[in-house]
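# Overview (structure and organization)
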Amino acid sequence: MIQKRSFIGLSAVLAFLFFAPLTYSQTTAKKTESRSKLFEETTTDSDYLMAIEKASAVMETAYNDADFDGASHHLFGEIRRTQSKLDLILASLKGANPNVRNQQMYRVVLKEIQQELDEQNDAINLRNKNLEKIKDRFIELRKDKTLVGLIKDTIRRKQFKNEFANLRKKYKNTDSLMTKNQGVLNKNKRLTVERKIAVSNALITVENNLEKSGISMLKKEYPFIWNITDSITNKQVAQTIKAKVLIEESVAAYYLSYRAGGLIALAFLMGLLGWYIYRNLKYLKSNGHADSLALFNFKYLNKGVIIPVAIIGLNIAVVSNLYAPALFIEILELILLGILTILFKNKWPANAMRNWTFLLGLFLALCFLDLFISVGLLQRCCFIVINALGIRYGLVQIKSVKEELYIKGFFKWASIIFILFNGLSILYNIFGRVSLSNMLSLTAFISLTQIIALSVLLKIILEVIILQIYTTRVKRGIEKIFDHENLSETLKKPFIIIISYMWLVVIGSNLNIWESLRTSFGAILSHPNTIGSITFTLGNILLFFIIIWIAHLLQKYVAYFFGEIDDENEENINKRQHSKLLITRLVVLIVGYLLAVAASGMPLDKLSILLGALGVGVGLGLQSVVNNFVSGIILIFDKPIQIGDVVDISSESGRVKSMGLRTTKINAPNGAEIIIPNGNLLSQNITNWTYTDNFKLVDIAIEITGDTTPDDINTTITEALESITLVNNSKPSQIYYTAISDGKYKILVKFWCSIYRTEETVSTARQVLFTNFKAKGLTFSA
C-alpha cells in the first residue's frame, strides 16, 4: 500500500509538471505577463533549454535504471529454479521412505533453499529501494525554479512546445515501465514469502522424521511384531514398490544434478590420477624394467589402472556425499563393492570369496527392503532374518575375509560393531522401533563393507607412492630395488589416521549423529577461554598443533616423491635435487609455522610479548639451539657441503647422509653414524672431497726388480691402468721414480678414481700390475 501511494504521489507531481492546463484566465495571464517581465530580465532561453535538457536527462536515466538488467533476469531465473527444486523436495517428502539418508538430504537441501530464498528476498528489496530512489529524482524536479517558472509561463511554454512533448513521452514510458516492474517485483516477493513458509513447514516435518530415528527404546513407533495384523496382497506390494522406485529415482536424479559439478570435478581428478599411474607403468615397462617392477609384488596395481582409480574415486564419493539420498549412496556402495569383487577375484581363496559374495547378497537384500518395501510384517520379518544371518556371519564366516586384508586391527572393531548393531536391530524391530532398527542394520553392513574398501584404498595409495618413488629413481639412473615393505610401514601411519576419520564419519552419518557431534565439538572448540589478559579457543590451539604436525609430516615425506629414501648410498646422487629438497623442507616448515601462528588467532601485541620472552630465553640458554638453526639455514643456501659429499671435519670423516636445520649426519667408513651440530660445521675447517666432482687422486708405491728399462715400466703401468674400468682414464695418470739403481726401481703411481670406490680400485690396480709385471719376468712388490 505504501508503494502504491508513493506511485500516486509521483503521478500527481508529474501531472502537475506536464499535464497542467495550458490556458489561464486573462487576468492571470496578464499578472503572469507583468511579473514575467522582471523574470525575463534574469532568465534567458538558454536557461530554459538547460532546464528542459536536465529534466530530459533525469527521465532518460530513470528509464534506463528502472529497466531490469541482466542480473535481475538472472535473479528471476534463480527464483524459478528454486521453485522447481522446492516442488520436487516437497513432492518427495510426501511419498518417499522416511529413512535417515533421505531425511538428511532433505534437511540439507531445504536449508540451502532457505538461504537462497533469503538472498532472493534481499535482492528484491534492493531493487525496490532502487525504484524508490528513481521516484526521488522526479520529486527533485519540483525544486528546479527555472523549470517550474517555464511551466507556469504560458507564453514561454508555447515557445518550447516540441521539447515539452518529448518530455511527456519519456514520462509516459518511464511511468509505464516502473509500474510494470514494480508489479513483477511484488509478485516475486509474494512468491518468495510463500516459499519460505513452505520450507519452514517442511523442515519441521524432516526434523520430526529424524527425531523418530533417535536412539531411544521408550518411544513406540510401530506395534510389537506379534501384534501386527496387516495382510497385503502381492498386487499391492508390487504397486507400492513401483511407486517408491519412481520417487527414489526422482530424488536420486535430483541429487545427481544438484551435485553434478562436484562429481565431475572428482571424475576429472581421478582421470588425471589414472593417467599419471598409467604413464609411470608405461615408462617402466617400455624401458625394460617390467621384471624389476614385479619384485614389488603389487597386490592391486597389477590389475590395471581403471579398477584401482575407480576404488579411490568411489571411496571419496561415499565420504564426500554424507547427506545423499539413500538410493544414490547405496548404489555407490554397491558399485564399489562390485568393483572390489572383480579385484578380489582369482586373488582370494575360494572360501573367502564365497563369504564375501554372501555378504554382498545380504547387503543388496537389505538395501532393497529398506528402499522399496513398506514397513509391515513382511519387511520386519525379512530384516530379522538378515540380521540373524549377519550375526552368524560376524561370528563364523568373517575370519576368512579378515585374513585377506591389509589392515586387520580396525577390522576387529568393525566386526564388533557389525555384530552389536545387528543384535540391537533385532531387538528394536521386535519392540516396534522400526526406523531405528533399519538404521542400525544399514549402519552395521556399511561399517563392515566400508572398512574393507578403505583397507584396499590404503594399500592402493601406498602402491602408487612406491611406484612414483621407483619411477623417479629409474629416471635418475638408479635401478636398485629398495626396501619397499619397511617404507610402506613408515608411510601408512599418517594415512591410517585419515582412513579412520573417513570410516568414523560414514558411521556417524548413517547413525544420524555426525551433524550433532560436529556441532557439539564446534561449540566446545569455538568457546572463548580467558587466562589473564589472553583470550583463546581450544579450536585455535588444536588447529595450531595440527598445522605444525602436517608441516613436519610434509617436510619429512616430501623427499619420497622425488625418489629419495633414507638408505640410499649411490655414487650418482643428485646433489642439486637434494639442495632443492632442503630448501623445500625449509619453506614448508616456515610456511607451516606462520600458518599455525595465524590460525591460532594470537594478537600481534601478545605475539610480540612471546617473541620478547623467547629473546630472553635465547640470551639465557638457547644460544646453541639458535646458532645451530641459523647455521643450518646458512649451510642450505651457501652449500659448502651437500648430501652425498665425502668430507673430513676435524677428526671425523665420512659421507654426508642427511642435513637438517639443527644437525648433520655423517656415515663413517666403519658404519658409525656421526651427528654433528650445524654450528660446529661452520666453525671448523671442512675438507670436501666431492665439492667439484666425485674423483680422488690416489697413489700406489711399487718396487720393480729385474732386467728392464724405465720406458718399458711406464708402458706396462699405463696399459695396466687403461685396462681397469674403475680408473678414470680421462685424467692422465702420473708416474714418479723415487729411486733408481741397476735392476731395481722404486716408483710412485698416481691415478684418478671414484672416491666412493677408492679401496676397491687400488686393490684391483695392484692385482693387475702384479700380473702384468710377472708376465714379463719381473719381480713386483707393493
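Source: prediction; values computed, not measured. (Residues numbered from 1 in each chain as written. Predicted model: local features only at pLDDT ≥ 70, side-chain atom pairs only at ≥ 80, totals over all residues. Heavy atoms only, no water.)

### Focus on the overall build of the protein
Broken down by element type, the protein carries 26 helices and 11 strands. Looking at the 782 residues of the protein, the share that counts as buried comes to 42%. Of all intrachain contacts in the protein linking residues separated by at least 6 positions in sequence, the fraction that spans at least 24 positions is 77%. As presented, the protein carries roughly 40900 Å² of accessible surface, and 61% of it is formed by carbon and sulfur atoms. (Helix = DSSP H or I, 4+ residues; strand = E, 2+ residues; numbered from the N terminus. Buried < 20%, exposed > 50% of the residue type's maximum accessible area, 1.4 Å probe, protein only. Contact = heavy atoms within 4.5 Å. Areas by Shrake-Rupley, 256 points an atom, 1.4 Å probe, with all protein chains shown as cover.)

### Description of the packing of helix α13 (residues 326-344) against helix α14 (residues 350-372)
Here α13 crosses α14 at 165°, and the two axes come no closer than 11 Å. Considering the angle they form, α13 stands roughly antiparallel to α14. For the pair α13 and α14, the sense of crossing is left-handed. When α13 is examined against α14, the residues A326, L327, E330, E333, L334, L337, L340, T341 and F344 are found in contact with a partner set consisting of M353, W356, L360, F363, L364, C367, D370, L371 and F372. Here the residues of the contact of α13 with α14 are counted per class, giving 14 nonpolar, one polar and three charged. (Axes fitted to C-alpha atoms, helices over the stretch in contact; angles between N-to-C directions. Parallel < 35°, antiparallel > 145°, perpendicular 65-115°, else oblique. Left-handed = near helix turned anticlockwise from the far one by under 90°. Nonpolar A, V, L, I, M, F, W, Y, C, P; charged D, E, K, R; others polar.)

### Some points on the packing of aromatic side chains
Within this structure, the stated rule accounts for 16 aromatic pairs. Considering the side-chain rings of Y393 and F418, the 6.4 Å spacing of their centres and the 70° angle between planes classify their relative orientation as edge-to-face. Note that Y393 is positioned in helix α15 (residues 377-402) and F418 in helix α16 (residues 409-430), a separation of 25 residues in sequence. This pair shows no difference in class: Y393 is buried, exactly as F418 is. For the ring pair Y737 and Y745, a centre distance of 6.4 Å and an interplane angle of 75° mean the geometry is edge-to-face. Ring pairing ties together the aromatic residues F358, F363, Y393, F418 and F445, which thus form one cluster. Looking at K475, its charged tip hangs above the ring of Y283, at a distance of 5.2 Å from the centre. (Phe/Tyr/Trp six-rings, centres within 6.5 Å; stacked < 30°, edge-to-face > 60°. Lys NZ or Arg CZ within 6 Å of the ring centre and 35° of its normal.)

### Here's the deal with the nonpolar core
In a soluble, globular protein the nonpolar side chains are often hidden away together inside. The biggest cluster of nonpolar side chains holds 112 residues, and the ones touching the most others in it are L110, I311, L340, F344, W356 and I452. For this core, the element with the highest residue contribution is helix α17 (residues 434-475), accounting for 24 residues. Once residues lying within four places of it in the same chain are set aside, the contact partners of I311 are L336, I339, L340, L343, V456 and I460. (Core = buried A, V, L, I, M, F, W, Y, C linked by side-chain atoms within 4.5 Å.)

### A word on the side chain of N429
Along the chain, N429 falls in helix α16. Here N429 falls in the buried class, since its relative accessible area comes to 0%.

### A short note on the environment of I407
Structurally, I407 is set in the loop between α15 and α16. In this structure I407 comes out as buried when scored by relative accessible area, which is 12%. Taking the C-alpha atoms as reference, I407 lies 9.0 Å from L454; in sequence the two are 47 residues apart. Setting aside chain neighbours within four positions, we find I407 in contact with S455 and L458.

### As for the confidence of the model for the protein
Per-residue confidence for the protein averages 78 on the pLDDT scale, and 84% of its residues sit at or above 70. At the level of individual helices and strands, the protein shows its lowest average pLDDT in helix α2 (residues 26-40), which scores 41, and its highest in helix α12 (residues 306-320), which scores 91. Confidence over residues 1-41 falls short of pLDDT 50; this stretch has 47 contacts with residues more than four positions distant or in other chains. (pLDDT = per-residue confidence, 0-100.)

### A short note on the packing of α17 against helix α18 (residues 484-510)
It is at 9 Å that the axes of α17 and α18 come closest, and there the two elements cross at 155°. By the angle class used here, α17 and α18 are roughly antiparallel. Relative to α18, α17 is oriented so that their crossing is right-handed. Looking at side-chain class alone, the contact of α17 with α18 contains 20 nonpolar, six polar and one charged residues.

### Some words on a nonpolar patch on the surface
A cluster of nonpolar side chains, namely I513, L517, F521, I524, L538, I541 and F545, defines an oily patch on the protein surface of about 630 Å² accessible area. For the nonpolar patch, the elements supplying multiple residues, two or more each, are α19 (514-526) and α20 (538-557). In this fold, I513 is placed in the loop between α18 and α19. According to the relative accessible area criterion, I513 is partly exposed, its value standing at 31%. (Patch = residues over 30% accessible without salt bridge, like charges linked within 9 Å, V, L, I, M, F, W, Y side chains within 5 Å. Salt bridge = Lys/Arg side-chain N within 4 Å of Asp/Glu carboxyl O.)

### Here's the deal with the sheet that holds strand β11 (residues 779-781)
Judged by pairing direction, the sheet is antiparallel, and its four strands sit side by side in the order β9-β10-β8-β11 without closing on themselves. The two strands at the open ends of the sheet, each matched to only one other strand, are β9 (734-741) and β11. For this sheet, the mean inter-axis angle between neighbouring strands, taken without regard to orientation, is 25°. Pairing between strand β8 (residues 695-705) and β11: three bridges, direction antiparallel. In the sheet register, I704 faces β11, and the bridge partner there is F780. Where helix α25 (residues 710-722) meets the sheet, its contacts fall on β8, β9 and β10 (744-754), and the angle it forms with β10 comes to roughly 25°. The sheet strands contacting helix α26 (residues 758-775) are β8, β10 and β11, and the helix crosses β8 at an angle near 30°. (Pairing = 2+ DSSP bridges.)

### Let's talk about the pattern of salt bridges
Summed over all chains, the structure comprises eight salt bridges. Close ionic contact of E207 with R107 constitutes a salt bridge, the shortest N to O distance being 3.7 Å. Residue E207 is located in helix α8 (residues 161-212), and its partner R107 is located in helix α5 (residues 100-140); the two are separated by 100 residues in the primary sequence. A salt bridge links E132 to K135, with the shortest nitrogen-to-oxygen separation between them at 3.0 Å. Placement of the pair is E132 and K135 together in helix α5, with a separation of three residues, close to one helical turn.

### Points about the side chain of N438
Examined against the element boundaries, N438 turns out to sit in helix α17. Relative accessible area serves as the criterion here: at 7%, N438 is assigned to the buried category.

### A look at the sheet that holds strand β5 (residues 663-667)
Reading across the sheet, the five strands line up as β6-β5-β4-β3-β7 and stay open at both edges, with antiparallel pairing between neighbours. In this open sheet, the two strands that pair with only one neighbour each are β6 (673-677) and β7 (686-688). Each neighbouring strand pair of the sheet contributes to a mean axis angle of 40°, computed without reference to strand direction. Relative to β5, strand β4 (residues 652-659) runs antiparallel, the two being bridged by four bridges. Residue S658 lies in a different strand from β5, and its bridge partner there is K665.

### Structural notes on the pairing of β5
Once β4 ends, the chain turns through three residues before running back antiparallel as β5. Relative to β6, β5 runs antiparallel, the two being bridged by five bridges. Opposite K665, over in β6, you have I675 as the bridge partner. Between β5 and the antiparallel strand that follows it, β6, lie five residues; G671 among them carries a positive phi value of about 95°.

### With respect to the pairing of β10
As defined by bridge partners, β8 adjoins β10 across 11 bridges and the pair is classed as antiparallel. Bridged to L697 within β10 is W752. Counted between consecutive antiparallel strands, the loop separating β9 from β10 contains two residues, among which G743 sits at a positive phi close to 80°.

### Some remarks on the state of the cysteines
What the rule picks out here adds up to zero disulfides. There is no disulfide at C381, and the cysteine sulfur nearest it, in C382, is 7.1 Å away. Judged by relative accessible area, which is 35%, C381 ranks as partly exposed. (Disulfide = S-S within 2.5 Å.)

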